[in-house]
Amino acid sequence: MDGLRGGAGEGVWVRLGAGPEEDAAALRRAGALLRRGGLVAFPTETVYGLGADALNPQAVARIFAAKGRPADNPLIVHVTGVEQAGPEVVAHWPPVARRLAERFWPGPLTLVLPAGPRVPAAVRAGLPTVAVRCPAHPVAQALIAAAGTPVAAPSANRSGRPSPTRAEDVWADLGPHLDLLLDAGPVPVGVESTVIDVTAWPPRLLRPGGLPVEELEAALGVSLAPPPALAQGAAAPAPGMKYRHYAPEAPVVLAGDADQGAGFLRRWLEEGQRVALVGCREDLEAVLRRTGADARWLALEDEPARPAGPLIALDLGPRARPDLHARRLFRALRAADAAGSTRVLALAVPEEGLGRAVMNRLRKAAAGGEVPGREREARAEGRDRL
């Protein structure tokens, strides 16, 4: 085990990769902690998760307390495979669910299924369903196996904050609440799993995520239904459906195109705001050309210095690379905070493939602060005329 550190009231941060024996020892320790009701933060292929024994109500309660998470926001139960999601966890498996699990597990797909009798009410937010996923990250798989129990794990951040894609993000948000943090470096996907409800036909898309909707619909041979409308005060059937999520400290405005973005940028700079631009490189360059503003371009791999100037540009990658947009999004939103930004201007990305998940996160972060661009308004009007 390399890089052990901690302090008063804090758990231990373990950097994996020192060697097979050291890593195996760290995973055994983490599994034992979970069995005793502890909290272990760990990497998945999507984001870092905050894990507890999914069948232990007291351990699950620690997740909600650590994150400040509302009780009507259910958790995802992580398993090593269908076999671990037996009748005590999943009451029964609809044929379509088994088919999707065979096709996409392990991977960034969460299935909402009828809950078995041992799943605590807090995990389900009191609903008769449970969200279940089999992660593809080898550390996540090894941890669940070492624990010998399904692991409930939301993203390992304070509720409402951008999800963590690096161990440093987890430690910054939750260090005092953790028993152990397993650090395997940055995660490869960068946005949370896709969540679908397979208790209905056609299945409902509850949250776009790391598995593109197009791949799911091709496998199903049918379009996914939209999420249900939530009644006032009702619990959501999946995480990420209620409340403001994924948000930095600074207010976020989501602009539909460069023209809209340029208008906001001019006004904010005149007001003396410290602005972080987030978007595809081509769109960032277009906004800067329109305004004549000079931005400091920050590499997302670096820790931004505070202060970083009145205008920074955080590049999500070329428009044709939605995989990069997903991988860099939360890192960019956290970098905006680290640079001391007072406003975040996000530019819409192409809403295809993983871009659908990226736009979902940006809309949640903006919490109503979305301004459709002219091109998107024209497309919407065209759809209305069909």
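What you see as residue numbers is a count from 1 along each chain, following the sequence as written. Where local features are concerned, this predicted model is filtered to residues with pLDDT of at least 70; where side-chain atom pairs are given and counted, the filter is 80 or more; whole-chain, interface and lining totals use all residues. Excluded from the side-chain calculations are hydrogens and water; all other atoms, namely the structure's heavy atoms, are used.

**With respect to the overall build of the protein chain**
Here a helix means four or more residues in a row that DSSP labels H or I, a strand means two or more in a row labelled E, and each is numbered from the N terminus. For the protein chain, the helix and strand inventory stands at twelve helices and 17 strands. What the globule rule says is 2.2 Å times the number of residues to the power 0.38, and the radius of gyration is computed from C-alpha atoms. Computed over C-alpha atoms, the radius of gyration of the protein chain comes to 21 Å, within 12% of the 21 Å expected from 2.2 N^0.38 for 386 residues, which places it in the range of a compact globule. Buried, partly exposed and exposed residues are distinguished by accessible area as a fraction of the type maximum, computed with a 1.4 Å probe on protein chains only: under 20%, between the cut-offs, and over 50%, respectively. For the protein chain, with 386 residues in total, the buried portion stands at 59%. Long-range pairs, those at least 24 residues apart, make up 69% of the contacts in the protein chain between residues at least 6 apart in sequence. Taken as a whole, the protein chain presents about 15300 Å² of accessible surface, with 52% of it coming from carbon and sulfur. When charges are tallied, Lys and Arg are placed among the positive residues and Asp and Glu among the negative ones, while His and the ends of the chain are skipped. Charged side chains are reduced to one point each, which is NZ for Lys, CZ for Arg, CG for Asp and CD for Glu. The centroid of the 46 positive side-chain charges in the protein chain is displaced by 3 Å from the centroid of its 43 negative side-chain charges. In what follows, residue pairs with any heavy atoms lying within 4.5 Å of each other are defined as contacts. Throughout, the Shrake-Rupley method with a 1.4 Å probe supplies accessible areas, and for residues the shown protein chains are the sole cover considered.

**A word on the packing of aromatic side chains**
By convention, a stacked pair of Phe, Tyr or Trp rings (six-membered ring in the case of Trp) has centres within 6.5 Å and planes under 30 degrees apart, an edge-to-face pair has planes over 60 apart, and any other such pair is tilted. Evaluation of the coordinates by the stated rule reveals four aromatic pairs. Considering the side-chain rings of Trp 13 and Trp 171, the 5.3 Å spacing of their centres and the 40° angle between planes classify their relative orientation as tilted. One end of the pair, Trp 13, is in strand 2 (residues 12-15); the other, Trp 171, is in helix 6 (residues 167-174), with 158 residues separating them in the sequence. For the residue pair Trp 13 and Trp 171, the accessibility class agrees, reading buried in each case. On the basis of an interplanar angle of 50° and a centroid distance of 5.6 Å, the ring pair of Phe 264 and Trp 268 is categorised as tilted. Of the two residues, Phe 264 and Trp 268 are both situated in helix 8 (residues 258-271); the distance of four residues between them amounts to about one turn of the helix. Each member of the pair, Phe 264 as well as Trp 268, carries the same accessibility label: buried. Lysine NZ or arginine CZ positioned within 6 Å of the ring centre and within 35 degrees of the ring normal marks a charge as sitting over the ring. Looking at Arg 281, its charged tip hangs above the ring of Trp 297, at a distance of 4.4 Å from the centre.

**Notes on the sheet that holds strand 12 (residues 252-255)**
For two strands to be treated as a pair, DSSP must find no fewer than two bridges joining them. Pairing is parallel in the open sheet, where six strands are placed in the order 14-15-13-16-12-17. Strands at the two margins of the open sheet, each flanked by one partner only, are strand 14 (296-297) and strand 17 (370-371). Of the pairings in the sheet, the one linking strand 12 to strand 16 (residues 343-347) comprises four bridges and is parallel in character. Opposite Ala 255, over in strand 16, you have Leu 347 as the bridge partner. Packed onto the sheet, helix 8 meets strand 12, strand 13 (275-279), strand 15 (311-315), strand 16 and strand 17 and runs at close to 165° relative to strand 16. Axis geometry follows a simple rule: fit a line to the C-alpha atoms, using only the stretch in contact for helices, then measure angles between N-to-C directions, giving values from 0 to 180 degrees.

**Observations regarding the pairing of strand 3 (residues 40-43)**
Burial along strand 3 is two-sided: the face carrying Val 40 and Phe 42 and the face carrying Ala 41 and Pro 43 are both buried. Pairing analysis gives four bridges linking strand 3 to strand 4 (residues 48-53), with the strands arranged antiparallel. Pairing of Phe 42 across the sheet is with Gly 49, part of strand 4. The hairpin turn running from strand 3 into strand 4, its antiparallel successor, is four residues long. Bridge analysis of strand 3 against strand 9 (residues 180-183) gives two bridges, and the strand direction is parallel. Within strand 9, the residue paired with Val 40 across the bridge is Leu 180.

**Concerning the confidence of the model for the protein chain**
Of all residues in the protein chain, 90% have pLDDT values of 70 or greater, and the mean over the chain is 91. Contacts from residues 375-386, a stretch scored under 50 in pLDDT, to residues over four places away or in other chains number eight contacts. Along the chain, pLDDT gives the predictor's confidence residue by residue, from 0 to 100.

**Some thoughts on the nonpolar core**
Take the buried residues of types Ala, Val, Leu, Ile, Met, Phe, Trp, Tyr and Cys, join any two whose side-chain atoms come within 4.5 Å, and each joined set is a nonpolar core. Counting residues in hydrophobic clusters, the biggest one holds 52 residues, and the most contacted among them are Trp 93, Leu 100, Trp 105, Leu 109, Leu 111, Leu 181 and Ile 196. Secondary structure elements with two or more residues in this core: strand 4, helix 2 (57-67), helix 3 (95-104), strand 6 (109-114), strand 7 (129-133), helix 6 and helix 7 (213-220). Trp 105 has contacts with Val 79, Gly 81, Val 82, Trp 93, Leu 100, Leu 111, Val 132, Arg 133 and Cys 134, leaving out every residue within four places of it along the chain. In this structure, Val 47, Tyr 246, Ala 348 and Met 359 belong to the second largest nonpolar core, which totals 35 residues.

**Focus on empty space enclosed by the protein**
Lining residues are those with an atom within 4 Å of a point, where the points come from a 1 Å grid over the protein atoms alone and group into cavities, where a 1.4 Å probe fits but cannot get out, or pockets, open sets with protein on both sides within 12 Å along at least five of seven lines. Grid points are joined across faces, edges and corners, and a volume is the space filled by probe spheres set on the points. Following the criterion strictly, the structure yields one cavity of 30 Å³ or more and no others. In this structure, the largest cavity spans a volume of roughly 290 Å³. Along the wall of the largest cavity there are 28 residues; nearest its centre are Pro 154, Ser 155, Glu 192, Arg 207 and Pro 239. Listing elements by their share of the lining of the largest cavity, those giving two or more residues are strand 4 and strand 5 (76-78). Under the scheme applied here, ten amino acids are nonpolar (Ala, Val, Leu, Ile, Met, Phe, Trp, Tyr, Cys and Pro), four are charged (Asp, Glu, Lys and Arg), and all others, including Gly, are polar. Here the residues of the lining of the largest cavity sort into nine nonpolar, 13 polar and six charged.

**Remarks on helix 6**
Here helix 6 lies mainly inside the structure; six of its eight residues are buried. Residues of helix 6 that are buried include every one of Ala 167, Asp 169, Val 170, Trp 171, Asp 173 and Leu 174, and no others.

**Regarding the side chain of Thr 110**
For Thr 110, the position within the fold is in strand 6. A distance of 2.8 Å separates the side chain of Thr 110 from the side chain of Ser 193, its partner in a polar contact. Those residues within four positions of Thr 110 in sequence are excluded, and the remaining contacts are Ile 76, Ala 131, Val 132, Arg 133, Ser 193, Thr 194, Val 195 and Ile 196. By the criterion applied in these results, polar contacts are pairs of N or O atoms within 3.5 Å in which, for protein atoms, one can donate a hydrogen and the other can accept it, and in which residues neighboring in sequence qualify only through two side-chain atoms.

**Observations concerning the packing of helix 1 (residues 20-35) against helix 5 (residues 138-147)**
Running from N to C, helix 1 and helix 5 cross one another at 55°; their axes reach a closest spacing of 8 Å. As summarised for this structure, helix 1 and helix 5 are arranged oblique, according to the angle between their axes. The element helix 1 and its partner helix 5 pack so that their crossing is right-handed. Residues Leu 27, Ala 30, Gly 31, Leu 34 and Arg 35 of helix 1 touch helix 5, and the partners they reach there are Val 139, Ala 142, Leu 143, Ala 146 and Ala 147. Any angle that falls under 35 degrees is termed roughly parallel, while one over 145 is termed roughly antiparallel, one within 65 to 115 roughly perpendicular, and all others oblique. Definitions for this section: a left-handed crossing has its near helix turned counterclockwise from the far helix by less than a right angle. A right-handed crossing has that turn clockwise.

**Concerning the pairing of strand 16**
By the criterion of burial, strand 16 is predominantly enclosed, with four of the five residues buried. Inspection of the sheet shows strand 13 paired to strand 16 by four bridges, in the parallel sense. In the sheet register, Val 278 faces strand 16, and the bridge partner there is Ala 346.

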